[in-house]
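The lines below spell out each chain.
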Amino acid sequence: MLAAEPTSASAPPPEPKRPSALPPTEAALARETQAVQRTPAVESYIVENPASDQMVDVLRALDLEYCASNPGSSFEGLQESIVNYGDNRMPEFLTCLHEESAVAMAHGYAKIEGKPMMALLHGTVGLQHGAMAIYNAYADRVPVYIVVGLDNDGPVAAHNALDMAAMVRDFVKWDHQPESLDQFGRSAVRAYTLATTPPMAPVLLVLDARLQKAPLEGAPAVPTLSAPRFPAADSASVKEIARLLVAANSPRINAGQVARTQEGIDLLVELAELLQAPVNGVTNRLNFPSRHPLAGTGTGLGDLVLNLEPTGRGGAPGMANGTTITISASELLVTSNYNVRGGARRGDIVVAADAQATLPALIEEVRRQVTDDRKRHFEERGQRYALTHARRRQREVADARHGWDATPVSLARVAAELWPLIRDHEDDWSFVSPQRFLGSWPGKLWNMTRSHHFIGNHGAGGMGYGAPAAVGAALANRKYGRISINIQGDGDLNYAPGVLWTAAHHQIPLLTIVANNRAYHQELMFMQQQCAARNRGVDRARIGTTIEDPNIDYTQMAKAYGLYAEGPIANPNDLGPALRRAVDRVKAGEPALLDVLTQPRG
Amino acid sequence: MRMTGWLSLGLGVSGAALFTVVTAGATIEPSQDPAALRGDTDRGRVLFETYTCYGCHGYTGETGFGPRLNPPRHDQAEFVQYLRNPRNPRRMPPYQQDDASDQTLADIFAYLTSLPSASPEAESIPLLQTILTGDENADDPPN
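Bear in mind that the values here come from a model prediction, so they are computed numbers and not experimental data.

A. Just unusual backbone geometry, in detail. Residues and elements named next belong to chain A. Following Pro198, the chain continues to Pro199 via a peptide bond in cis, the omega torsion being -5°. As for its placement among the helices and strands, Pro199 is situated in the loop between α7 (181-195) and β6 (203-208). Between Asp549 and the following residue, Pro550, the backbone shows a cis peptide bond with an omega angle of 5°. With respect to the helices, strands and loops of the structure, Pro550 is situated in the loop between α18 (521-534) and α19 (554-560). Located in the positive-phi region is Met90, a residue other than glycine, with phi close to 50°. Secondary-structure assignment places Met90 in the loop between α4 (76-85) and β2 (92-95). Of note, the phi angle at Asp549 is positive, near 55°, even though the residue is not glycine. With respect to the secondary-structure elements, Asp549 resides in the loop between α18 and α19. Overall, Asp549 belongs to the exposed group, its relative accessible area being 60%.

B. Spatial organisation of the interface of chain B and chain A. Between chain B and chain A, the contact holds 55 residues from the first and 58 residues from the second. Interface of chain B and chain A: buried area, both sides summed, is about 4,800 Å²; carbon and sulfur atoms make up 59% of it. Where chain B packs against chain A, one counts one salt bridge. Between A:Arg401 and B:Glu121 there is a salt bridge, and its shortest N-O distance comes to 3.9 Å. In this assembly, chain B and chain A are joined by 19 residue pairs in polar contact (both at pLDDT 80 or more). Of all the secondary structure elements, the ones that give two or more residues to the side of chain B that touches chain A are α1 (5-8), α2 (15-24), α3 (41-50), α4 (54-57) and α7 (126-133) of chain B. Take the side of chain B that touches chain A: its biggest share by element is six residues, from α7(B). Of the residues contributing to the side of chain B that touches chain A, the split by class is 29 nonpolar, 15 polar and 11 charged.

Rules behind the numbers
Residues numbered from 1 in each chain as written. Chains lettered and ligands numbered in written order. Predicted model: local features only at pLDDT ≥ 70, side-chain atom pairs only at ≥ 80, totals over all residues. Heavy atoms only, no water. Helix = DSSP H or I, 4+ residues; strand = E, 2+ residues; numbered from the N terminus. Buried < 20%, exposed > 50% of the residue type's maximum accessible area, 1.4 Å probe, protein only. Contact = heavy atoms within 4.5 Å. Buried area = accessible area lost by both parts, 1.4 Å probe. Salt bridge = Lys/Arg side-chain N within 4 Å of Asp/Glu carboxyl O. Polar contact = N/O pair within 3.5 Å; in protein donor to acceptor, adjacent residues only side chain to side chain. Nonpolar A, V, L, I, M, F, W, Y, C, P; charged D, E, K, R; others polar.

Below, the structure written as structure tokens:
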């Protein structure tokens, strides 16, 4: 390309030199007497006081610690304010390599911290990337604070939308696109309040780029956040439920997602001990201490089941034709399209209320109604249940011996070898991954007592949750010094492995153990069923369900993202030393990964 | 301790082709007494993978959702009978003669009977004993 001519064709030609005694021309007079003006183009580009600065003040008032994001031009105004005006603190910008990871990180973070993290997504395409993770959080009743940029003046028409939130409206609790800065403040607070009021769920704000980039006019007040009040059961229902519980001879408590916090676990322990009722409580998160004598489903047939935020339709093992009571906030958040909670709550008494918020009143009412005679009965049955629990625990631990020396490594051995390395960590530990595909061995072998000891499953079962949710949970655990453990399926890891880089970049300590069975093993078993049912070739069940040929080298993958990594480990005798080395790295504050070739199921 | 074909042979989708070769040499006589067929351990090892038995029973027949197969709890006749008519066909797929011949099942049975145990007694595993006694956690960790 040629250099530009010094004078463009449209510019006036230079005036000829004149003797200084001659009077100046009109143009020269004007130049010397009028005020110098900047070119309009430069003047209009500088915005010294953008509205997005005010937005950062609002986000800070909401106590949003982090903003997980993959960059996008539709929110560059807000991003600039976060990193410059806000000095990249409260919220701190977390660099994610995929929007699904950003949302899933926020999902995992909220399960530990009990409050939302912000996920900042690019218009249309970024939101589409994040949609699956939003759906998981929605089904899991976990708050995520989602902000999506909208830039209808932007360079890519395909990123525009008339109704940005439409594509995820079925699985967010509330969405809004504020038209003014003042409205943003009010919407931001409302979104936060709705997200954190049971039933908790993701919320979404759409932020127009014009609003982000406009100069701040006036100074809208930063709204204050009031702690939300939780919907508890009415007193008449509480009295009736307490009466039935006290009268029942063999009640069962079926805890799905009742304990959002440690207080929830403590309350459930109080109720169970008061009634001496067994609790099915290590299901979709830790609701009840795993080694409590009342943990389990008791013995014999129950005559009453109390479902507390059940994740299915309710019911509990060992139930006779007795009374069923369900307390669940699910019916308060039902959308017509996706049936994430398995249909209407069932029971003889169904209360649409938050179970954890109802427990204090229920405990008080049970305490009021129970008589000395009933107390004696409760104590007798409690001794039976404690014995049943002890026998079951003995059997479960003994079962861990099966395949103990097998190659590939048994999942029970992975959990057993890990336990002594984390149990004595002075700042405690946190198991931040699902355990359903692991034979639930951590829940069987580890002493889970605190809410952060097990944060539960995916929500909607959407793959790709494991690694990013674990990183988000580990981020929340970091400030408490806890060691975070993620036993990670290999299939799940391959959806968005870039989150390993995010863990390395932001120095998030997390031990990831790839439970590597080189397959989408659940699907492999389903295919095997189909092939056998049709009697035409079980040997082909592996087509499309295995992850082999070539085998994926997760050690090299992790190293490429900047992590300490070892593997693949196939010999069980090599596992313990490798775990010790990796745990030492994590205790020192960095993420580490071990690739362990495992038996397909526990 | 045994390393199965999944690791040592690198079997992938090529397992289907390998299965064809293996079964080509097998004697498939539905009228024969299934219990009288002599199984081939090496063929059985490959078939155990090809038929994805390991999916529910683990690579050594000792782990997973399904019942323990190592050591076998039934004789060969009972084993074949069960696979033809499992008690719960929604969990354990039924294998008919066309899909898995008596010889195929005899080979798998022979493999199962040849497997050494990788499951020591729980009492001999210190880690499990410590977990069982609960001595490791006298005090709850801090919040």
